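# Remarks on the overall topology
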Amino acid sequence: MEELRKKGHLCKKAASAWAESRLGIGFEKLDRGVFEPDRAYDKLSEIGVKWVRLQSGWARTERVPGVYDFQWLDDIVDQLIARGMLPWICLCYGNALYDDFAKEVFGAVGCPPIYTEAQKEAWRRYVIAIAAHFKGRVRHFEIWNEPDGQHCWKKGVNATELGNFTIDTAKALKEGNKDVYIIGGAVFSSTVSYLQEAFATGMGAYLDGISFHEYTYTEENVAQKVRALRGLFRMQGLSLDVIQGESGSQSRPNGHGALAEGAWTPRKQAKQLLRHMTIDLLNDVLFTSFFSCVDMIEALHGKVGDLSSYLDYGYFGVLGADFDEHGVATGEYTPKPSYYALQNLASLLGGKLKVIDLPLMFLREDAPHLGKTSTLAAYETVYGGFQLDNGSYALAYWYPANLMTTEYEGCVTLEFAIPGEVHLVDPMDGSIYEVPNLETNAFGTTTARWLPIRDYPMFLVFGELPMEAVN
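This write-up is about the structure you can find in this document. If you're wondering where the values come from, they're calculated on a predicted model, not measured in any experiment. (Residues numbered from 1 in each chain as written. Predicted model: local features only at pLDDT ≥ 70, side-chain atom pairs only at ≥ 80, totals over all residues. Heavy atoms only, no water.)

## Examining the overall build of the protein
Helix and strand counts for the protein come out as nine helices and 26 strands. Taking 471 residues into account, the globule formula puts the C-alpha radius of gyration at 23 Å, and the protein, at 23 Å, falls close to it. When the backbone C-alpha atoms are referred to their principal axes, the protein occupies close to 75 × 50 × 40 Å. The buried share of the protein, reckoned over its 471 residues, is 59%. In the protein, the share of contacts with a sequence separation of at least 24, taken over all contacts with a separation of at least 6, comes to 76%. Carbon and sulfur atoms make up 49% of the accessible area of the protein, which totals about 18,200 Å². For the protein, the distance from the average site of its 44 positive side-chain charges to the average site of its 60 negative ones is 2 Å. (Helix = DSSP H or I, 4+ residues; strand = E, 2+ residues; numbered from the N terminus. Rg over C-alpha atoms; globule rule 2.2 N^0.38 Å. Buried < 20%, exposed > 50% of the residue type's maximum accessible area, 1.4 Å probe, protein only. Contact = heavy atoms within 4.5 Å. Areas by Shrake-Rupley, 256 points an atom, 1.4 Å probe, with all protein chains shown as cover. Lys, Arg positive; Asp, Glu negative; His and termini not counted. Charge placed at Lys NZ, Arg CZ, Asp CG, Glu CD.)

Right under this line is the structure:
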């Protein structure tokens, strides 16, 4: 960045400033009361993302048979909407009122109500009730969470069971509110084989979209998953949206949950967030959600009455927290580097966003200021184009280095035929730079030499870019 002159910073926008956005964040596990939402609302809204994923908490809502107390969830939904965000609800988990096995499981996690007619009927009534209760406030409902893993389908993963359960749940949702948008899948590991079996039940005809989860050190598998899903839809004669419902990483080592074995740091988490959310958008998902808002216990394998079994801390939050003796996240909920990275990404890619091809190419040439190291070619990078909310264009590009072992710095040279002023944006801190070494020929083709490339997305923006000037 030595050659660049800093010109300003991205203008931050709260969620209420955007009419729409494809960016979201997780607000899960409040069905188990593992953090204090009042401490998070304002900080969450200031990030600027729109979509907020909740879990419905059947066991917390129906504690007396046939009596639904939605007050706890009403408060959360209303607080989010008041700040300009769009809550969507994952319908889960079980309820010990109707399942003896669920009495042993903290939060009834992974206990689908499918084994007796009484369970099925109780679930149907609950789903009708929640869809009707939130009509006009929540339109998007997702059916279950990670059913392709035994942690969330505890008696043994079974795609046919999921398909039939999805159909029954979708029918109940429509009975409660005919205008709901229904999301199925919520798969974390399986795509073609598992979902093909689930689709064989006729499940796809009841859905508007399919969600997938992606917890990986690199983002290279996202395109494969999305293409496989869309290919499967075509073979099934379906037209469904693809949603990335959970993706994240930890900010420190020795946590619990996905990717816990990695040598994570706050900076590595921020880079992983930027890479994964950008690749999701480049694959044109309907929206993408980062897990999660705040550090919290994982609580997927807890046993009722055994506190130690669910004091398993995960550090996925963009807000850091302390924990009390019961594992509840407390304290000030302090922003991490990932918080600011997501805030900057939302400032740049919020609003109406289109994925487009841009008229540009990467050129190989020596880079003198790097000891004549060659600039990177296109095949060595990950890149793609957007049209932004204000009509400007943006190129996202990065080097897919191993985040556990590398802090990569290199450079690229680009040739492009795109009009407008050119700026370079670093979403890690929101800095905006003038681009030197521009050469434009008589036909309007411009060459930009020796632009920095990192192991997280940088953005080259063509056209208007609202900014706060450097003082």
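Having seen the model, we can carry on.
## With respect to the layout of surface pockets
The volume enclosed by the largest pocket comes to roughly 430 Å³. If you go around the largest pocket, you meet 26 residues; those closest to its centre are Glu-146, His-151, Ala-258, Glu-298 and Leu-300. Of the residues belonging to the lining of the largest pocket, the class tally is eight nonpolar, eight polar and 10 charged. (1 Å grid on protein atoms, 1.4 Å probe; cavity = no way out; pocket = protein on both sides within 12 Å on 5 of 7 lines; lining within 4 Å. Points joined across faces, edges and corners; volume = space filled by probe spheres on them. Nonpolar A, V, L, I, M, F, W, Y, C, P; charged D, E, K, R; others polar.)

## Some points on the pairing of strand E12 (residues 319-323)
With four bridges joining them, E12 and strand E13 (residues 329-335) adopt antiparallel strand pairing. Residue pairing for E13: Phe-323 is matched across the bridge by Ala-329. Here E12 folds back onto E13 in antiparallel fashion, the turn holding five residues, of which Gly-327 has a positive phi close to 85°. (Pairing = 2+ DSSP bridges.)

## Observations regarding the nonpolar core
In terms of nonpolar packing, the biggest core is built from 143 residues, with Phe-27 and Leu-349 touching the most fellow members. The element that contributes the greatest number of residues to this core is helix H4 (residues 117-133), accounting for eight residues. In contact with Leu-349, not counting residues within four places along its chain, are Leu-23, Leu-281, Phe-386, Leu-388 and Phe-459. In this structure, Trp-51, Ile-183, Ile-243 and Phe-287 belong to the second largest nonpolar core, which totals six residues. (Core = buried A, V, L, I, M, F, W, Y, C linked by side-chain atoms within 4.5 Å.)

## Brief notes about the environment of Tyr-333
Topologically, Tyr-333 is positioned in strand E13. Counting along the chain gives 98 residues from Tyr-333 to Ser-431, while the straight-line C-alpha distance between them is 25 Å. With near-sequence residues (within four places) excluded, Tyr-333 lies in contact with Phe-35, Glu-36, Arg-39, Ala-40, Lys-43, Val-294, Leu-319, Gly-320 and Ala-321. At 2.9 Å, the side chain of Tyr-333 and the backbone nitrogen of Glu-36 are in polar contact. (Polar contact = N/O pair within 3.5 Å; in protein donor to acceptor, adjacent residues only side chain to side chain.)

## Notes on the packing of H4 against helix H5 (residues 159-176)
Two elements in contact, H4 and H5, have axes separated by 7 Å at closest approach and are oriented at 40°. Taken together, H4 and H5 sit at an angle that is classed as oblique. Considering only the axes of H4 and H5, their crossing is right-handed. Here H4 contributes Trp-123, Arg-124, Val-127, Ile-128, Ala-131 and Ala-132 to the contact with H5, which in turn contributes Phe-165, Thr-169, Ala-172, Leu-173, Glu-175 and Gly-176. When its residues are assigned to classes, the contact of H4 with H5 shows eight nonpolar, two polar and two charged. (Axes fitted to C-alpha atoms, helices over the stretch in contact; angles between N-to-C directions. Parallel < 35°, antiparallel > 145°, perpendicular 65-115°, else oblique. Left-handed = near helix turned anticlockwise from the far one by under 90°.)

## Regarding the side chain of Ser-431
The topology assignment puts Ser-431 in strand E22 (residues 431-434). Not counting the four nearest positions on each side in its chain, Ser-431 is found in contact with Lys-6, Gly-8, His-9, Leu-424, Val-425 and Asp-426.

## Examining unusual backbone geometry
The omega angle of the peptide bond from Cys-92 to Tyr-93 is -10°, so this bond is cis rather than trans. Secondary-structure assignment places Tyr-93 in the loop between strand E4 (86-91) and H4. Look at the link from Phe-291 to Ser-292: it is a cis peptide, with omega at 10°. Within the secondary structure layout, Ser-292 lies in the loop between strand E9 (288-290) and strand E10 (296-297). Even without being glycine, Leu-259 reaches a positive phi, approximately 60°. In this fold, Leu-259 is placed in the loop between strand E8 (241-247) and helix H8 (266-282).

## So, helix H7 (residues 221-236)
One full turn of an α-helix is made of 3.6 residues, so residues set three or four places apart face in the same direction. Across its 16 residues, H7 extends 23 Å between first and last C-alpha, which sits within 8% of the 22 Å expected from 1.5 Å per residue. Listing the buried residues of H7 in full gives Val-222, Ala-223, Lys-225, Val-226, Leu-229, Gly-231, Leu-232 and Phe-233. The elements touched by buried residues of H7 are helix H6 (192-199), strand E7 (209-213), E8 and H8. Where H7 ends, the next residue or the one after it, Gly-237, has phi of about 70°, a positive value. (Expected span 1.5 Å × (residues − 1).)

## Quick look at the sheet that holds strand E2 (residues 23-26)
Through backbone hydrogen bonds, the strands of a sheet pair up, either in parallel or in antiparallel fashion. The parallel closed barrel is built from eight strands, whose spatial order is E2-E3-E4-E5-E6-E7-E8-E9. Averaged over neighbouring strand pairs, the angle between their axes works out to 25° when direction is ignored. Strand contacts of H4: E4 and strand E5 (140-143), with the helix running at about 175° to E4, the strand carrying the most contacts.

## Things to note about the side chain of Lys-336
One can find Lys-336 in the loop between E13 and helix H9 (337-349). Look at Lys-336 and you get buried, because its relative accessible area is 9%. Each residue touching Lys-336, except ones within four places of it in the same chain, is listed here: Ser-251, Gln-269, Asp-295, Tyr-315, Gly-317, Val-318, Leu-319 and Gly-320.

From the geometry alone we can't say anything about function, so treat these as descriptive.
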